[in-house]
Amino acid sequence: MPFDPSLFRAYDIRGIYPSVIHEDFAYVCAQAFVKVMNAKTVLVGRDVRVSGPSMQAAAIRGLVDMGVKIIDLGEISTEMLYFASGYLENVDGGFASTASHNPREWNGFKFVGKSGQPLTREDKLGEIYEEIKKEERFRSEVPGTVEKIDLCDAYAEYLKQYVPRNVPKLTIVGNVNFGANGRFVDAALVHLPEVSMVRLNWNPDGTFPKGTPDPLLPSNRKEIAARIQSEKADFGVAWDADADRCFFYDEQGRAIPGYYINAMLISHFLETEPGASFVIEPRQLWATESAAQLGGGKTVISRTGHGFIKAMMRESNAVFGGENSGHFYYRDFWKCDNGIITFLTVLDVFSKKITSGGKVSEILDAYREKYPASEEINFITDRASEIIEGLKSRHADAELSIIDGVSLDAKEWRCNLRMSQNEPVLRLNVEAKTPAGLAEREKDLIGYIESFGAHIRDDH
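Remember, it's a predicted structure, so these values are computed and weren't measured experimentally. (Residues numbered from 1 in each chain as written. Predicted model: local features only at pLDDT ≥ 70, side-chain atom pairs only at ≥ 80, totals over all residues. Heavy atoms only, no water.)

K.L.:
Honestly, the overall build of the protein chain in this entry has me stumped. Any pointers?
P.N.:
Scanning the protein chain for helices and strands turns up 14 helices and 22 strands. Relative to its length of 460 residues, the protein chain is compact, with a C-alpha radius of gyration of 22 Å against a globular reference of 23 Å. Principal axes of the C-alpha set define a box for the protein chain whose edges measure 70 × 55 × 45 Å. Counting across all 460 residues of the protein chain, residues that qualify as buried make up 60%. Accessible surface computed for the protein chain: about 18400 Å², of which carbon and sulfur atoms make up 50%. Side-chain charges of the protein chain comprise 53 positive and 66 negative groups, with the mean position of each set lying 1 Å from the other. (Helix = DSSP H or I, 4+ residues; strand = E, 2+ residues; numbered from the N terminus. Rg over C-alpha atoms; globule rule 2.2 N^0.38 Å. Buried < 20%, exposed > 50% of the residue type's maximum accessible area, 1.4 Å probe, protein only. Areas by Shrake-Rupley, 256 points an atom, 1.4 Å probe, with all protein chains shown as cover. Lys, Arg positive; Asp, Glu negative; His and termini not counted. Charge placed at Lys NZ, Arg CZ, Asp CG, Glu CD.)

K.L.:
Looking at this structure, how should I read the packing of aromatic side chains?
P.N.:
A ring pair, where both rings are aromatic, is described by two values, the distance of the centres and the angle of the planes. Within this structure, the stated rule accounts for 28 aromatic pairs. Centre to centre, the rings of phenylalanine 95 and phenylalanine 111 are 6.1 Å apart; their planes meet at 55°, and the pair counts as tilted. Here phenylalanine 95 is found in strand S4 (residues 94-97), whereas its partner phenylalanine 111 is found in strand S5 (residues 106-112), with 16 residues between them in sequence. Taken individually, phenylalanine 95 and phenylalanine 111 each receive the classification buried, so the pair is uniform in this respect. Members of the aromatic cluster, each reached through a chain of ring pairs, are Phe83, Tyr87, Tyr155, Tyr158, Tyr162, Phe184, Phe333 and Trp334. For lysine 133, the ring lying beneath its charged end belongs to phenylalanine 8, and the centroid distance is 5.2 Å. The ring of tryptophan 286 has lysine 433 sitting right over it, with the charged end atom 4.1 Å from the ring centre. (Phe/Tyr/Trp six-rings, centres within 6.5 Å; stacked < 30°, edge-to-face > 60°. Lys NZ or Arg CZ within 6 Å of the ring centre and 35° of its normal.)

K.L.:
Looking at this structure, I do not really get helix H9 (residues 286-294). What am I missing?
P.N.:
Helical geometry: 3.6 residues make up each α-helical turn, so side chains three or four residues apart lie on a common side. Three or more residues of H9 are buried, namely Trp286, Ala287, Thr288, Ser290, Ala291 and Ala292. Where H9 is buried, its residues touch helix H8 (258-270), strand S12 (277-280), strand S13 (298-301), strand S19 (406-409), strand S20 (413-419) and strand S21 (425-432). In the stretch just after H9, glycine 296 is the one whose phi turns positive, near 75°. (Contact = heavy atoms within 4.5 Å.)

K.L.:
I keep staring at the environment of proline 424 and nothing clicks. Help me out?
P.N.:
Mapped onto the fold, proline 424 is located in the loop between S20 and S21. Relative accessible area serves as the criterion here: at 60%, proline 424 is assigned to the exposed category. Considering only alpha carbons, one finds proline 424 and leucine 7, 417 residues apart in sequence, at a separation of 14 Å. Beyond its immediate chain neighbours, meaning those up to four positions away, proline 424 contacts Phe379, Ile380 and Thr381.

K.L.:
Can you walk me through the nonpolar core in this structure?
P.N.:
Within soluble globular proteins, side chains that are nonpolar generally end up buried alongside one another. Counting residues in hydrophobic clusters, the biggest one holds 75 residues, and the most contacted among them are Phe248 and Phe343. Not counting residues up to four positions away in its chain, the partners in contact with phenylalanine 248 are Phe235, Gly236, Val237, Arg254, Ala255, Ile256, Ile261, Thr342, Phe343, Val346 and Phe350. Residues Val20, Val36, Val44 and Ile70 belong to the second largest nonpolar core, which totals 37 residues. (Core = buried A, V, L, I, M, F, W, Y, C linked by side-chain atoms within 4.5 Å.)

K.L.:
How do you make sense of the pattern of salt bridges when you look at a structure like this?
P.N.:
Opposite charge on two side chains makes pairing possible when the charged atoms of those side chains draw close. Tallied over the full model, the rule gives 37 salt bridges. Note that glutamate 273 is salt-bridged to arginine 331, the shortest N-O span being 2.7 Å. In this pair, glutamate 273 is assigned in the loop between H8 and S12 and arginine 331 in the loop between strand S15 (328-330) and strand S16 (336-337), connecting sequence segments 58 residues apart. The shortest N-O distance in the salt bridge between lysine 353 and glutamate 362 comes to 3.4 Å. When its relative accessible area of 37% is taken as the criterion, glutamate 362 is described as partly exposed. Counted as one network, the salt bridges with shared partners bring together Glu281, Arg283, Glu323, Glu376 and Arg427. (Salt bridge = Lys/Arg side-chain N within 4 Å of Asp/Glu carboxyl O.)

K.L.:
It is not clear to me how the side chain of serine 420 should be interpreted in this structure. Could you clarify?
P.N.:
Relative to the helices and strands, serine 420 resides in the loop between S20 and S21. Its relative accessible area of 12% is what places serine 420 among the buried residues. Within the local environment of serine 420, its side chain forms a polar contact with the side chain of arginine 427, the two groups lying 3.2 Å apart. (Polar contact = N/O pair within 3.5 Å; in protein donor to acceptor, adjacent residues only side chain to side chain.)

K.L.:
Help me understand the side chain of serine 351 in this model?
P.N.:
As for its placement among the helices and strands, serine 351 is situated in helix H11 (residues 339-355). Polar contacts involving the side chain of serine 351 include one to the main-chain carbonyl oxygen of leucine 347, which spans 2.7 Å. The residues touching serine 351, leaving out its near neighbours within four places in the chain, are Val167, Pro168 and Leu170.

K.L.:
Please clarify how the pairing of S21 should be interpreted in this entry.
P.N.:
A regular strand places its side chains so that they alternate between the two faces of the sheet. Counting buried positions over the eight residues of S21 gives eight, a clear majority of the element. Burial of the side chains of S21 extends over both faces: Val425, Arg427, Asn429 and Glu431 are buried on one face and Leu426, Leu428, Val430 and Ala432 on the other. Pairing analysis gives seven bridges linking S20 to S21, with the strands arranged antiparallel. The residue of S21 that forms the bridge with arginine 414 is glutamate 431. Where S20 hands over to S21, the hairpin turn is made up of five residues, counted between the paired strands. (Pairing = 2+ DSSP bridges.)

K.L.:
Mind showing me how you'd approach the sheet that holds strand S1 (residues 13-16) here?
P.N.:
Backbone-to-backbone hydrogen bonds join strands into a sheet, with any given pair of strands oriented parallel or antiparallel. Spatially, the six strands line up as an open sheet ordered S1-S5-S4-S2-S3-S6, and their pairing is mixed. Looking along the sheet, the strands with just one partner apiece sit at the ends: S1 and strand S6 (145-148). Across the sheet, the axes of successive neighbouring strands diverge by a mean angle of 20°, strand direction being ignored. (Axes fitted to C-alpha atoms, helices over the stretch in contact; angles between N-to-C directions.)

This is how it looks when you write it as structure tokens:
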């Protein structure tokens, strides 16, 4: 039976285990990677999911039968896969068995080339998909070899360079959502004796006993928000299950949109690298573009998605790139996203604010007042293309961009409307010059989209 086509996503592979994704798929997938990448040495890891060990073992069997050298990284965060691809010599990239922030029933694969090289569906990832669909199985006369390598100490040592100095006495609430990166946060905190970390869901647990490990879900914000308030903490931080996304909360427990974190970090990096370039996405632009302009920097707009952002980071040699979804990318981390580097960098910014007598909430309030912006609104619809085309003519006087979906800039407001790469979902983001203008435009655009029979997805 052919593999389910829903597995093949824009940036990675994901499906429900074992009905959609399973060990036979993992075996074929591993062999397809070797063939397309002409790989001789391959990295393989897994996240904390219960099905991870058997999926990784099946992938390794496929690699052994291909006759290549396998480096078994064991249980890792996704950013550790990227680290290994750049830190270890003579490796040709690899993959991890992971379904990121999806529910416990899911599994999948994320890929990386040599030294953090991104793989996209338009390029090598698409070729891997086509090779998988052939469902061919190979066996070399000389089997491959497996070497287990524990990079935990090396990764912890690498992260030391990002630990900020002169951090005041702070209380932080952290939530790793039962992923694998609590130990690496702990390793960084060894060098931050001033920081008291209140740890939530810190031990790895692939059953995800508190539900879907996605900090973007409003329902998943309640626990950390309540704990921030009860502990009278200075701020909060959370990661998704595979730790490549990072999220922040002020001392009141309010979530800080990734859009504002992007703008804040652009300003931060321009203090030490005037004129630097930054990769941003088109969902919302005014805050990030303004931060770059005020600091003498330059912005490059990329399609949303980690493969596209990484490719643009390389093309533009950008210092930093960011997505509203909590992915943050660093030139000095092989142009890849990293949740712990983000935590340590934001800790530096917040520490300076607190040291000067301020609060993290003042940072959030300043951005919200100057750059009012919606949270992403998702619609279920099978008429996405029709809705997008109609929006263009509905606001023909607005400045138009089609870098990713359609973006309209009407001076007093702008919006981006784009189809999901992975789901039958239409995503709307809006920003305006005033809070009242934002509310008015949100209501208008929601009404327009719903007139096509679309309905807002309940993301709670």
